[in-house]
Amino acid sequence: QVQLVESGGGLVQPGGSLRLSCAASGIGFRSYTMGWYRQAPGKQRELVARIISDDSTNYADSVKGRFTISRDNAKNTVYLQMNNLKPEDTAVYLCNAYKKLGSIPFDYWGQGTQVTVSS
């Protein structure tokens, strides 16, 4: 059974920092692209950052220079370090694991963790 369990969300003031973690089980972690997405009320889910198995990374323009994604393959865990948080970063943050074997996608999601940036 595949499980992605996020943690580390919470309430933080503007300019503050949070570190999200996503612990994966039931998958060959190191072969998956791991991503963080977010969804704010009334908005579409959007990609925040992802890290591929070779450790290359992609970021949404809105978080470049503020957020850093990393992975620890020994712990089957992906992290999202979020600095200089802004109110517009408020959302549910979801962890995603994805890979494709031929034409068959393997796509898994966590339940999400709430991040609220407010004074």
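From a predicted model like this one, the values you see are computed outputs, not experimental measurements.

Draft legend 1. Quick look at the state of the cysteines. Using the criterion set out here, one finds 1 disulfide in the structure. Each disulfide pairs two cysteine sulfurs, and for cysteine 22 the partner residue is cysteine 95, the sulfurs being separated by 2.1 Å. Between cysteine 22 and cysteine 95 the disulfide shows an S-S torsion of about -80°. By sign, it is left-handed. A residue pair is termed long-range when its members are at least 10 positions apart, and cysteine 22 in strand 3 (residues 18-25) and cysteine 95 in strand 9 (residues 91-101) qualify at 73 residues. When its relative accessible area of 0% is taken as the criterion, cysteine 95 is described as buried.

Draft legend 2. Summary view of the packing of aromatic side chains. Applying the stated criterion across every chain yields a total of 2 aromatic pairs. Relative to tyrosine 108, the ring of tyrosine 32 has its centre 6.2 Å away and its plane inclined at 45°; by these criteria the two rings are tilted. In this pair, tyrosine 32 is assigned in the loop between strand 3 and strand 4 (33-39) and tyrosine 108 in strand 10 (residues 104-109), connecting sequence segments 76 residues apart. The interplanar angle of 65° and the centroid separation of 4.9 Å between the aromatic rings of tyrosine 37 and tryptophan 109 together place this pair among those described as edge-to-face. One end of the pair, tyrosine 37, is in strand 4; the other, tryptophan 109, is in strand 10, with 72 residues separating them in the sequence. A relative accessible area of 32% places tryptophan 109 in the partly exposed class. Seen from the ring of tyrosine 79, arginine 19 lies directly overhead, with NZ or CZ sitting 4.0 Å from the centre.

Each value, and the rule that gives it
Residues numbered from 1 in each chain as written. Predicted model: local features only at pLDDT ≥ 70, side-chain atom pairs only at ≥ 80, totals over all residues. Heavy atoms only, no water. Disulfide = S-S within 2.5 Å. Helix = DSSP H or I, 4+ residues; strand = E, 2+ residues; numbered from the N terminus. Buried < 20%, exposed > 50% of the residue type's maximum accessible area, 1.4 Å probe, protein only. Phe/Tyr/Trp six-rings, centres within 6.5 Å; stacked < 30°, edge-to-face > 60°. Lys NZ or Arg CZ within 6 Å of the ring centre and 35° of its normal.

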